[in-house]
Amino acid sequence: MSEQAIVERIISDAEEEARAIIAEAEERAKATVAGATTDAERNRRGTEAEVKAKADSIFDGKAAVARLDSAKILLAEKRGVIDEIYARALEKLLNLSEKETLSLCTRLLDEHAEEGDELVFADNFRYAQAVSALPVVKQKKLKVATKRAKLDGGFMLCGKHSDKNLSYGAILAMDREEQQAEIASVIFNSGL
């Protein structure tokens, strides 16, 4: 073989080897690009899922806060309705007729007065003289105070062992404590 043929053969082999190396490099590049594309797609999907989860969490949190705020507003309105009911009840008690007032006071004194208690009327109590003349007052030897107290109608009993606030406001507050849930149930569940 001549020198020229050997050189051509070497060049031909080198070119073929170069093509093989280039082809292999291109294949590896394609594989690397495909792997990178797959990784990028996987990362993109993961990031999208993470963003969606965070957005859902924020949305759920905001929705929960909105529900809680709504429930607070509704509860405040319901309390306002019950406040109004008891304010009207107090007004009605303050405006009872003399006969109704004496009947109520007789019952309260029978149930709560102890012998020798002092009867202290509210500033705005209109029938103090009539109540002072009730048989139960004489029977239980109740003393009638000359000074009056700042109460929501009615009276107080001041005794040796304890004082009893039987003002209309105190009676209604006790009633509200005991009956509020039932009243709310009747009013708000019956659609009144």
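Whatever comes next refers back to the structure up there.
Only a predicted model underlies this, so the values are computations on that prediction, with no experimental measurement involved.

*Asks:* Just to check I follow, could you spell out the nonpolar core for this structure?
*Replies:* If you look at soluble globular proteins, the nonpolar side chains tend to sit buried side by side. Membership of the largest hydrophobic core comes to 32 residues, with the highest contact counts inside it found for Leu-109, Leu-119, Phe-125, Val-131, Leu-134 and Phe-155. Residue assignment for this core shows that the elements contributing at least two residues are α1 (3-94), α2 (98-112), β1 (118-121), α3 (128-132), α4 (135-139), β3 (154-158) and α5 (168-189). Here this core takes five residues from α2, the largest share from any one element. Ignoring sequence-local partners within four residues, the contact set of Phe-155 consists of Cys-105, Leu-108, Leu-109, Leu-119, Val-120, Phe-121, Ala-122, Lys-164, Asn-165, Leu-166 and Ser-167.

*Asks:* When you look at unusual backbone geometry in this model, what are you seeing that I'm missing?
*Replies:* Leave glycine aside and you will find that most residues have negative phi; peptide bonds, for their part, are mostly trans. Its identity is not glycine, yet Lys-141 carries a phi of approximately 55 degrees, on the positive side. On the secondary structure map, Lys-141 appears in the loop between α4 and β2 (143-144).

*Asks:* Any chance you could explain empty space enclosed by the protein here in plain terms?
*Replies:* The gaps left among the atoms become clear once a water-sized probe is rolled over them. Scanning the entire structure with this criterion turns up one cavity of 30 Å³ or more. When its volume is computed, the largest cavity comes out at roughly 60 Å³. Among the residues forming the lining of the largest cavity, the class breakdown is five nonpolar, three polar and one charged.

*Asks:* What am I meant to see in the pattern of salt bridges here?
*Replies:* Where charged atoms from two side chains of opposite charge come close, those side chains can pair. Scanning all chains against the criterion turns up 13 salt bridges. Across the pair Glu-24 and Arg-28 runs a salt bridge, and its minimum N-O distance is 3.6 Å. Of the two residues, Glu-24 and Arg-28 both sit in helix α1, four residues apart, roughly one turn of that helix. What makes Glu-24 partly exposed here is its relative accessible area of 48%. With relative accessibility at 53%, the residue Arg-28 sits in the exposed group. Where Asp-83 meets Arg-176, a salt bridge forms, and the shortest distance between an N and an O atom there is 2.5 Å. Here the residue Asp-83 occupies a position in helix α1, and Arg-176 occupies one in helix α5, the gap between them amounting to 93 residues.

Quick notes on the rules
Note that residues are indexed from 1 along each chain, following the sequence as it is written. Where totals are concerned, whole chains, interfaces and linings use all residues; where local detail is concerned, this predicted model gives features only for residues with pLDDT of at least 70, and gives and counts side-chain atom pairs only at 80 or more. Hydrogens and waters are ignored; side-chain quantities use all the structure's heavy atoms. Side-chain atoms within 4.5 Å link the members of a nonpolar core, which is a set of buried Ala, Val, Leu, Ile, Met, Phe, Trp, Tyr and Cys residues. Any residue under 20% of the maximum accessible area for its type is buried, any over 50% is exposed, and the rest in between are partly exposed; the area is computed with a 1.4 Å probe on protein chains only. Each helix corresponds to a stretch of at least 4 residues labelled H or I by DSSP, and each strand to a stretch of at least 2 residues labelled E; elements are numbered beginning at the N terminus. In what follows, residue pairs with any heavy atoms lying within 4.5 Å of each other are defined as contacts. Both cavities and pockets are sets of points on a 1 Å grid over the protein atoms alone; in a cavity a 1.4 Å probe fits but cannot get out, in a pocket the set is open with protein on both sides within 12 Å along at least five of seven lines, and lining residues sit with an atom within 4 Å of a point. Grid points are joined across faces, edges and corners, and a volume is the space filled by probe spheres set on the points. Side-chain classes follow a simple rule in which Ala, Val, Leu, Ile, Met, Phe, Trp, Tyr, Cys and Pro form the nonpolar group, Asp, Glu, Lys and Arg form the charged group, and the remainder, Gly included, forms the polar group. Put simply, a salt bridge is a Lys or Arg side-chain nitrogen that is within 4 Å of an Asp or Glu carboxyl oxygen.

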